[in-house]
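Each chain, written out:
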Amino acid sequence: AQKVTQAQTEISVVEKEDVTLDCVYETRDTTYYLFWYKQPPSGELVFLIRRNSFDEQNEISGRYSWNFQKSTSSFNFTITASQVVDSAVYFCALKTGTASKLTFGTGTRLQVTL
Amino acid sequence: EPEVTQTPSHQVTQMGQEVILRCVPISNHLYFYWYRQILGQKVEFLVSFYNNEISEKSEIFDDQFSVERPDGSNFTLKIRSTKLEDSAMYFCASSWDSANTGELFFGEGSRLTVL
């Protein structure tokens, strides 16, 4: 069975602060895929990044960066210099092997204020 | 940019009524999914569909639910006799990767309110 834990339910920061969203996953499969999705107030789910279990190389994309560490089963997401438009619920998700099912965490609500 | 589209955006129905939610996945995608999100809660997997049949379903997806791809473009979710607890946002998603390892692209959701 797989599980995704996002221990932070809600985070509030002031614009321009850096913020890290934590994600811890559990799976017995050796092949798996990790995702981050953003859900803005309008409700849609927006894909941000996908990582597979063979690739621990961390990535930076603009103000976003991801830190994947198999040793601690974590896939954390950092926003640098946060902006009000980053306010949303962020979901970490896991897919194992060739299974169809994407298992989501409970989400972290990020509130960025001026 | 191609996108997944869903209709209706919001439907209100009486308990016991049948509801059909419609989705048009991205045209060259191979896998299709329905997920739901009860207000304020996490996103839950319902069913996946590949090669004109269900490939996986969750325990939520009981006999009240069915999916269909009636033509080459639409993908529908039917709830036969709605219950109050079916009130949720229903998301359709599609994926291009035949090995089913790629990211899912979600529609904007259909909000179902059962009274």
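Sequence positions are assigned chain by chain, starting from 1 and proceeding in written order. Ligands are numbered from 1 and chains lettered from A, in the order in which they are written. Only residues with pLDDT of at least 70 get local features here, since the model is predicted, and only at 80 or more are side-chain atom pairs given and counted; chain-wide, interface and lining totals rely on the full set of residues. Note that the side-chain values use all heavy atoms of the structure and ignore hydrogens as well as water.

> What is the right way to read the state of the cysteines from this model?
Throughout, a disulfide means two cysteine sulfur atoms within 2.5 Å of one another. Across all of its chains, the model carries two disulfides over all chains by this definition. Between the sulfur of cysteine 23 of chain A and that of cysteine 92 of chain A lies a disulfide, 2.0 Å long from S to S. Between cysteine 23 of chain A and cysteine 92 of chain A the disulfide shows an S-S torsion of about -65°. By sign, it is left-handed. Placement of cysteine 23 of chain A in the loop between strand S3 (19–21) and strand S4 (24–26) and of cysteine 92 of chain A in strand S10 (residues 88–96) is noted, with a sequence separation of 69 residues between them. Accessibility expressed as a relative area gives 0% for cysteine 23 of chain A, which makes it buried. The disulfide bridge from cysteine 23 of chain B ends at cysteine 92 of chain B, spanning 1.9 Å between sulfur atoms. As the torsion about the S-S bond is roughly -65°, the cysteine 23 of chain B-cysteine 92 of chain B disulfide counts as left-handed. With a gap of 69 residues between them, cysteine 23 of chain B in strand S3 (residues 19–24) and cysteine 92 of chain B in strand S9 (residues 88–95) connect regions that are remote in the sequence. For every residue, the accessible area obtained with a 1.4 Å probe (protein chains only) is divided by the maximum for its type, and the residue is called buried under 20%, exposed over 50%, and partly exposed between those limits. Taking the relative accessible area as the measure of exposure, cysteine 23 of chain B reaches 1% and is therefore buried. Labels follow the DSSP assignment, with helices taken as runs of H or I lasting at least four residues and strands as runs of E lasting at least two, numbered in each case from the N terminus.

> I'm lost on the packing of aromatic side chains in this one. Help?
We describe a pair of aromatic rings using the distance from one ring centre to the other and the angle between the two ring planes. Residues and elements named next belong to chain B. When the centres of two rings from Phe, Tyr and Trp lie within 6.5 Å, Trp using its six-membered ring, the rings pair. Their planes under 30 degrees apart give stacked, over 60 give edge-to-face, and anything left gives tilted. In total, this model carries 26 aromatic pairs over all chains according to the counting rule given. The interplanar angle of 40° and the centroid separation of 5.3 Å between the aromatic rings of phenylalanine 49 and phenylalanine 75 together place this pair among those described as tilted. Of this pair, phenylalanine 49 sits in strand S5 (residues 43–50) while phenylalanine 75 is found in strand S8 (residues 75–79), placing the two residues 26 residues apart along the sequence. Each member of the pair, phenylalanine 49 as well as phenylalanine 75, carries the same accessibility label: buried.

> Even after reading the chapter, I still don't get the interface of chain B and chain A, so can you show me in this structure?
Put simply, an interface is often sized by how much accessible area is lost when its parts join up. At the interface, 21 residues of chain B touch 20 residues of chain A. As a working definition, buried area equals the accessible area (1.4 Å probe) given up by two parts on being put together, with both sides summed. Here chain B meets chain A over a buried area of about 1,700 Å², counting both sides, of which 56% is carbon and sulfur. Salt-bridge detection follows one rule: a side-chain nitrogen of Lys or Arg within 4 Å of a carboxyl oxygen of Asp or Glu. Applying the counting criterion to the chain B and chain A interface returns zero salt bridges. In protein, a polar contact requires one atom able to donate a hydrogen and another able to accept it; more generally it is a pair of N or O atoms within 3.5 Å, and residues adjacent in sequence count only if both atoms are side-chain atoms. Counting the contacts that link chain B with chain A gives four residue pairs in polar contact (both at pLDDT 80 or more). At the level of secondary structure, the elements contributing two or more residues to the side of chain B that touches chain A comprise strand S4 (31–37), S5 and strand S6 (53–57) of chain B. No other element matches the four residues that S4 of chain B contributes to the side of chain B that touches chain A. Asp, Glu, Lys and Arg are counted as charged, while Ala, Val, Leu, Ile, Met, Phe, Trp, Tyr, Cys and Pro are counted as nonpolar; the rest, among them Gly, fall into the polar class. When the residues that make up the side of chain B that touches chain A are grouped by side-chain class, the tally is nine nonpolar, eight polar and four charged. Any two residues whose heavy atoms approach within 4.5 Å are treated as being in contact.

> What am I meant to see in the environment of arginine 80 of chain B here?
Residues and elements named next belong to chain B. Its location among the elements puts arginine 80 in the loop between S8 and S9. Taking the C-alpha atoms as reference points, arginine 80 and cysteine 92, twelve residues apart in sequence, are found 18 Å from one another. Those residues in contact with arginine 80 that lie beyond four places of it in its chain are Gly16, Gln17, Glu18, Asp63, Gln64, Phe65 and Ser66. In this structure the side chain of arginine 80 is engaged in a polar contact, spanning 2.7 Å, whose partner is the backbone oxygen of aspartate 63.

> Would you mind going over the environment of glutamine 41 of chain B with me for this structure?
Residues and elements named next belong to chain B. Its location among the elements puts glutamine 41 in the loop between S4 and S5. Given a relative accessible area of 45%, glutamine 41 falls into the partly exposed group. Glutamine 41 sits eleven residues away from leucine 30 along the chain, and the two C-alpha atoms are 28 Å apart.

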